[in-house]
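Listed below, chain by chain, are the residues.
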Amino acid sequence: MAIERTLSILKPDATRRNLTGSINKVFEEAGLSILAQKRIQLTRAEAEAFYAVHKERGFFNDLVGYMISGPVVAQVLSGENAVAKNRELMGATDPKKATEGTIRAMFAESIEANSVHGSDSAENAKNEISFFFAEIDIVG
Ligand code: GDP
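Keep in mind that this is a model prediction, so the values were computed, not measured.

**Points about the overall build of the chain**
Phase 1 of the analysis: The secondary structure content of the chain amounts to seven helices and four strands.
Phase 2 of the analysis: The order of α-helices and β-strands along the chain, N terminus first, is β-α-α-β-α-α-β-α-α-β-α.
Phase 3 of the analysis: What you see for the chain is a C-alpha radius of gyration of 14 Å, in line with the 14 Å of a compact globule of 140 residues.
Phase 4 of the analysis: Judged by the C-alpha coordinates and their principal axes, the chain covers about 40 × 35 × 25 Å.
Phase 5 of the analysis: Across the 140 residues that make up the chain, the buried fraction comes to 46%.
Phase 6 of the analysis: Here the analysis covers contacts within the chain between residues at least 6 apart in sequence; of these, 78% occur between residues at least 24 apart.
Phase 7 of the analysis: Both charge centroids of the chain, one from 16 positive and one from 19 negative side chains, sit 3 Å from each other.

See the structure below:
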């Protein structure tokens, strides 16, 4: 299996409730290493750009408003099959449908305030990582 990188974001509901450490523990115990991490306040323009693929969806404005409602923690995770592994650890978008033990089942507040973002393909991971980090910021 290949060692991959993926982009993770701890969303405002997670930072507001001081869950950074609890969620990072899930990643690290599952064998994903945090190669880069920063806590930032996104601007509206940045959140709109990051979620541009969703701009035709009905919840786009709500999603952008939510993502700028407080700080987020952007992270680069690395490990075997990191993209799929992180999606598995996150659980389903809607926490009511998320498997027990997943991050969203344990911590998410709602389908919108669902604690974490994770890239959904290796190609998106590359683009999303470069949205937040320069190569020099990522220490393997
Ligand atoms: P993900 O890959 O599991 O994060 O899900 P999507 O790519 O489908 O959606 C992106 C994000 O939009 C989700 O993580 C949620 O924060 C938000 N979202 C998804 N579906 C809904 C919805 O029906 N209503 C609202 N308000 N937000 C949603």
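**Some points on the packing of aromatic side chains**
Phase 1 of the analysis: This model, assessed by the stated rule, comprises five aromatic pairs.
Phase 2 of the analysis: Ring centres of Phe 50 and Tyr 51 lie 5.1 Å apart, and the angle between their planes is 85 degrees; this geometry places the pair in the edge-to-face category. With respect to class, Phe 50 is no different from Tyr 51; both count as buried.
Phase 3 of the analysis: Relative to Phe 132, the ring of Phe 131 lies with its centre 5.0 Å away and its plane at 65 degrees, an arrangement referred to as edge-to-face.
Phase 4 of the analysis: We classify Phe 132 as buried; its relative accessible area is 7%.
Phase 5 of the analysis: Through pairs of rings, three or more aromatic residues link up here, namely Phe 50, Tyr 51, Phe 131, Phe 132 and Phe 133.
Phase 6 of the analysis: Residue placement shows Lys 38 over the ring face of Phe 133; its charged tip is 5.0 Å from the ring centre.

**Let's talk about the nonpolar core**
Phase 1 of the analysis: Judged by nonpolar contacts, the single largest core of 21 residues is most densely connected at Leu 7, Ile 9, Met 67, Val 76, Phe 132, Phe 133 and Ile 138.
Phase 2 of the analysis: If you list the elements that add at least two residues to this core, you get β1 (3–10), β2 (33–40), α3 (44–50), α4 (60–67), β3 (72–80) and α7 (122–132).
Phase 3 of the analysis: Those residues within four positions of Val 76 in sequence are excluded, and the remaining contacts are Arg 5, Thr 6, Ser 33, Ile 34, Leu 35, Ala 36, Ile 129, Phe 133 and Ile 138.
Phase 4 of the analysis: Of all hydrophobic cores here, the second largest spans 15 residues; its members include Leu 10, Ala 82, Met 90 and Phe 107.

Basis of the calculations
- Residues numbered from 1 in each chain as written.
- Predicted model: local features only at pLDDT ≥ 70, side-chain atom pairs only at ≥ 80, totals over all residues.
- Heavy atoms only, no water.
- Helix = DSSP H or I, 4+ residues; strand = E, 2+ residues; numbered from the N terminus.
- Rg over C-alpha atoms; globule rule 2.2 N^0.38 Å.
- Buried < 20%, exposed > 50% of the residue type's maximum accessible area, 1.4 Å probe, protein only.
- Contact = heavy atoms within 4.5 Å.
- Lys, Arg positive; Asp, Glu negative; His and termini not counted.
- Charge placed at Lys NZ, Arg CZ, Asp CG, Glu CD.
- Phe/Tyr/Trp six-rings, centres within 6.5 Å; stacked < 30°, edge-to-face > 60°.
- Lys NZ or Arg CZ within 6 Å of the ring centre and 35° of its normal.
- Core = buried A, V, L, I, M, F, W, Y, C linked by side-chain atoms within 4.5 Å.

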